[in-house]
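Letter by letter, the chains look like this.
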Amino acid sequence: MKRLFWGILLIASVAAGAKTVLPEQSVVVPGFNEQVARERLLESDMQPLEGIWYYPNEDMTIAIERWQPEPSHKIGYRLLLVSSEDLELLPGTVIGYIEDSAVDNKYHLWLYSQRSKVTLVSPLECVATLNKDATSLTFEPPRWDVKVRVNFARFLPTLFRGVSIIPHVEQERLPVGFKKIFPADGNGNKFNKVRYL
């Protein structure tokens, strides 16, 4: 029994140590706007994930660009706000990060989930899927749904617990996501991909 306990503890500590370290709060890249985003993207060898995207659920336009603050960092991309209905958020605000996974079209996506005055905090992780044409990036936001029932007038307390957890089944919902708006020429041309010789 002790061996099992120490094994579980070791696995948990290794898993905790392998977590990606993210900035606790967002930053604002000064002077960032759509024109700057387009120029920066055109000057690089764009990967399929890079570009300017529209997020219809929040009426927001974002740019996804490669980002690696240090060589040992695992995060490969960051999401920058280009424009939004929410005028309190400044263009250039980093709203999230993306990391590659072992599956070609699947990514770890972190989006800041709360606001602290003018900065964003509390990044939440979800799995994002890039479609075959690299024109949409969809994801399921994390959901926790637990119902707890407390029965103070319980009968036979050893048989019927006073507190119970009830699973809740929800109908399938469409994933939310981003639609690529740049680069796109409408002819189905493939996006540039780095070729190694």
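What you are looking at is a predicted structure, and each value in this text was computed from that prediction instead of being measured.

Colleague: What is the right way to look at the overall build of the chain in this model?
Modeller: When helices and strands are tallied, the chain shows two helices and ten strands. When the elements of the chain are put in sequence order from the N terminus, they spell out α-α-β-β-β-β-β-β-β-β-β-β. Expressed as a percentage of the 197 residues in the chain, the buried residues total 31%. Taking the contacts inside the chain whose residues are at least 6 apart along the sequence as the reference set, 47% of them involve residues at least 24 apart.

Colleague: Quick question: what am I supposed to make of the pairing of strand 10 (residues 176-182) here?
Modeller: Moving residue by residue along a regular strand, the side chains alternate between the two faces of the sheet. Buried residues dominate strand 10, accounting for five of its seven residues. With three bridges connecting them, strand 1 (residues 51-55) and strand 10 associate as antiparallel partners. Residue pairing across strands places Ile52 opposite Phe182, the latter belonging to strand 10. Relative to strand 10, strand 7 (residues 136-139) runs antiparallel, the two sharing four bridges. Paired with Leu137 across the two strands is Phe178, which belongs to strand 10.

Colleague: Mind showing me how you'd approach the sheet that holds strand 7 here?
Modeller: Backbone hydrogen bonds are what pair the strands of a sheet, in a parallel or an antiparallel way. Taken in spatial order, the eight strands of this closed barrel run 1-2-3-4-5-6-7-10, and their pairing is antiparallel. This sheet shows a mean twist of 35° between the axes of neighbouring strands, independent of strand direction. Where strand 4 (residues 94-100) meets strand 5 (residues 106-116), five bridges bridge the pair, whose relative direction is antiparallel. Across the sheet, Asp100 pairs through a bridge with Tyr107, a residue of strand 5.

Colleague: Can you help me understand unusual backbone geometry in this one?
Modeller: Excluding glycine, a negative phi dihedral is what most residues carry, and trans is how most peptide bonds are arranged. Following Phe182, the chain continues into Pro183 via a peptide bond in cis, with omega recorded as -5°. Mapped onto the elements of the fold, Pro183 is located in the segment after strand 10. Even without being glycine, Ser122 reaches a positive phi, approximately 60°. Mapped onto the elements of the fold, Ser122 is located in strand 6 (residues 119-130). Since its relative accessible area comes to 31%, Ser122 is described here as partly exposed. Of note in the backbone geometry, Ala134 takes a positive phi value of approximately 60° without being a glycine.

Colleague: Quick question: what am I supposed to make of the layout of surface pockets here?
Modeller: It is a probe the size of a water molecule, rolled over the atoms, that shows where empty space is left. If you add up the space inside the second largest pocket, you get close to 500 Å³. If you go around the second largest pocket, you meet 20 residues; those closest to its centre are Tyr55, Glu58, Leu111, Tyr112 and Ser113. At the level of secondary structure, the elements contributing two or more residues to the lining of the second largest pocket comprise strand 5 and strand 6. The element contributing the most residues to the lining of the second largest pocket is strand 5, with five residues. Classifying every residue of the lining of the second largest pocket by side-chain character gives 13 nonpolar, three polar and four charged.

Colleague: What is the right way to look at the pairing of strand 2 (residues 60-66) in this model?
Modeller: Buried residues dominate strand 2, accounting for six of its seven residues. As judged from the five bridges shared by strand 1 and strand 2, these two strands associate in the antiparallel manner. Paired with Trp53 across the strands is Ile62, a residue of strand 2. Sheet analysis places strand 2 next to strand 3 (residues 77-84), joined by seven bridges and oriented antiparallel. Paired with Ile62 across the strands is Leu81, a residue of strand 3.

Colleague: Can you walk me through the nonpolar core in this structure?
Modeller: Soluble globular proteins tend to pack their nonpolar side chains together in the buried interior. Within the largest apolar cluster, 41 residues are counted, with the highest numbers of intra-cluster contacts made by Ile64, Leu79, Ile98, Leu137 and Phe139. Beyond its immediate chain neighbours, meaning those up to four positions away, Phe139 contacts Tyr55, Leu109, Leu111, Cys126, Val127, Ala128, Pro175, Val176, Gly177 and Phe178.

Rules used throughout
- Residues numbered from 1 in each chain as written.
- Predicted model: local features only at pLDDT ≥ 70, side-chain atom pairs only at ≥ 80, totals over all residues.
- Heavy atoms only, no water.
- Helix = DSSP H or I, 4+ residues; strand = E, 2+ residues; numbered from the N terminus.
- Buried < 20%, exposed > 50% of the residue type's maximum accessible area, 1.4 Å probe, protein only.
- Contact = heavy atoms within 4.5 Å.
- Pairing = 2+ DSSP bridges.
- Axes fitted to C-alpha atoms, helices over the stretch in contact; angles between N-to-C directions.
- 1 Å grid on protein atoms, 1.4 Å probe; cavity = no way out; pocket = protein on both sides within 12 Å on 5 of 7 lines; lining within 4 Å.
- Points joined across faces, edges and corners; volume = space filled by probe spheres on them.
- Nonpolar A, V, L, I, M, F, W, Y, C, P; charged D, E, K, R; others polar.
- Core = buried A, V, L, I, M, F, W, Y, C linked by side-chain atoms within 4.5 Å.

Such coordinate-based values are descriptive only and should not be taken to indicate function.
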